[in-house]
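What follows is the residue order along each chain.
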Amino acid sequence: MIALYQNNEYTTWLKELKSTIQKRQIKAAVAVNNELILLYWELGKEIVQKQENAKWGSGFIDQLSKDLKSAFPEMSGFSRSNLFAIRKFYLFHYQQDIFIQQPVGQTDDKNEVIGNFIQQAAGQSKAIPDLIKICTKIPWAHNVLIIEKIKKIEEVLFYVNQTVENNWSRSILEYQIESNLFLRQGKAITNFKDTMPEIESDLANALLKDPYNFQFLQLEKHAKEKDLERKLIEHITQFLLELGKGFAYMGKQYLLKVGKKEYRTDLLFYHTKLKRYIIVELKTTEFEPEFIGKLNFYISAINEFEKENNDQPTIGILLCKNKDNYEVEFALKDVNKPIGVSEYNYTELPIDIKDALPSKEEFDNEMKKLLDTD
């Protein structure tokens, strides 16, 4: 008799069963997180109201923490520090003007508060502000990080939505906040509106940043383009994170044969969402208009020799050390291929070590002086 693990029918069924269980687990986790955020919002509301109306003293939150941990030992999240975070979470959202506050009953009985707020949370979903409902889509630790770092509501919404869309971990979210993604996203100078359909141009424009944050690189002040390219590939994981979701790395110095000559693009990517190739050209100098002509040529070549029928037309991204926005806009004015231009920054080494070292001739002269002195 064939062992079950060798039975095709069984293994196929098992694979489907695992998939079903995994989907259910994800749904259950999402539901749990949803109720947890609603619970914390209700608890934050109760804490704020009691601090305003009841005369329970400065030790209120310390006592509440002890009582909640005693009443619900199987639940985490009732530490003193987390209760303060819950209070801050509620106050942040309460202070926004985008929702109408709903009246709730008042009580002066502390034990009643402890016994009722958990039961109330699940039944209050219709009274919950829309912003809170959006925040239920990300974990509590992400919410705490956002309200610690961000003050403006439009930024909060941006980072919440980006976390949901890209499935960021807390560490990646923190990196994106620290690198000020909100002010960089969609800020590149492009001609997308003139060269792409409206919906596609909006999506493509939202992908680009200005400037790009390459602080994970350490380069000398006068680094060459090949050095920048090499370092980006060495740190491809962080580079792809900075580029954003959907970029698939195809190669560096990608060979293109046009007529009898060979040309090479710096970096080539394929975007899985936009369904098109994306060329990234690197310049370690200030923007020059002629850079556009060369990139436009590469785009034509990729469209001609690499693009399949089901691929959308190629996009070009030019990354320069710095640029004049008006000059870039003028250079893109009559270009019929989609191109975006951005700056980038990186960690500049304080000393050019190579230049600091003496040459062989200088070293020999110094040694000769020492020997002559002796």
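One structure accompanies this document, and this report is about it. (Residues numbered from 1 in each chain as written. Predicted model: local features only at pLDDT ≥ 70, side-chain atom pairs only at ≥ 80, totals over all residues. Heavy atoms only, no water.)

What follows concerns the overall build of the chain. Within the chain, the regular secondary structure consists of 17 helices and 7 strands. Residues counted as buried form 40% of the 374 residues belonging to the chain. Of the contacts formed within the chain by residues at least 6 apart in sequence, a portion of 66% connects residues at least 24 apart. Here the chain has roughly 22,200 Å² of accessible surface; of this, 52% comes from carbon and sulfur atoms. (Helix = DSSP H or I, 4+ residues; strand = E, 2+ residues; numbered from the N terminus. Buried < 20%, exposed > 50% of the residue type's maximum accessible area, 1.4 Å probe, protein only. Contact = heavy atoms within 4.5 Å. Areas by Shrake-Rupley, 256 points an atom, 1.4 Å probe, with all protein chains shown as cover.)

With that settled, consider the pattern of salt bridges. With the rule as written, the count across this model stands at 11 salt bridges. As a salt-bridge pair, Arg 230 and Asp 227 come within 3.6 Å of each other at their nearest N and O atoms. Within this pair, Arg 230 and its partner Asp 227 are both found in helix H12 (residues 225–234), separated by 3 residues, close to a single helical turn. Residue Arg 230 is classed as partly exposed on the basis of its relative accessible area, which comes to 38%. One salt bridge in this structure joins Glu 234 and Arg 230, with 3.3 Å as the shortest N-O distance. Of this pair, Glu 234 and Arg 230 both sit in helix H12, 4 residues apart, roughly one helical turn. (Salt bridge = Lys/Arg side-chain N within 4 Å of Asp/Glu carboxyl O.)

Right, let's get into the packing of helix H6 (residues 140–149) against helix H8 (residues 170–178). Pairs of packed helices are described in terms of their axes, by the angle between the two and the distance that separates them. One can describe the packing of H6 onto H8 by two numbers: an axis separation of 10 Å at closest approach and a directional angle of 15°. Classed by the angle they form, the pair H6 and H8 counts as roughly parallel. For H6 against H8, the interelement crossing comes out right-handed. When H6 is examined against H8, the residues Ala 141, His 142, Leu 145, Ile 146 and Lys 149 are found in contact with a partner set consisting of Arg 170, Leu 173, Glu 174, Ile 177 and Glu 178. A breakdown of the residues in the contact of H6 with H8 according to their chemical character gives 5 nonpolar, 1 polar and 4 charged. (Axes fitted to C-alpha atoms, helices over the stretch in contact; angles between N-to-C directions. Parallel < 35°, antiparallel > 145°, perpendicular 65-115°, else oblique. Left-handed = near helix turned anticlockwise from the far one by under 90°. Nonpolar A, V, L, I, M, F, W, Y, C, P; charged D, E, K, R; others polar.)

Note that every value here comes from positions in space, so none of it alone points to a role or purpose.
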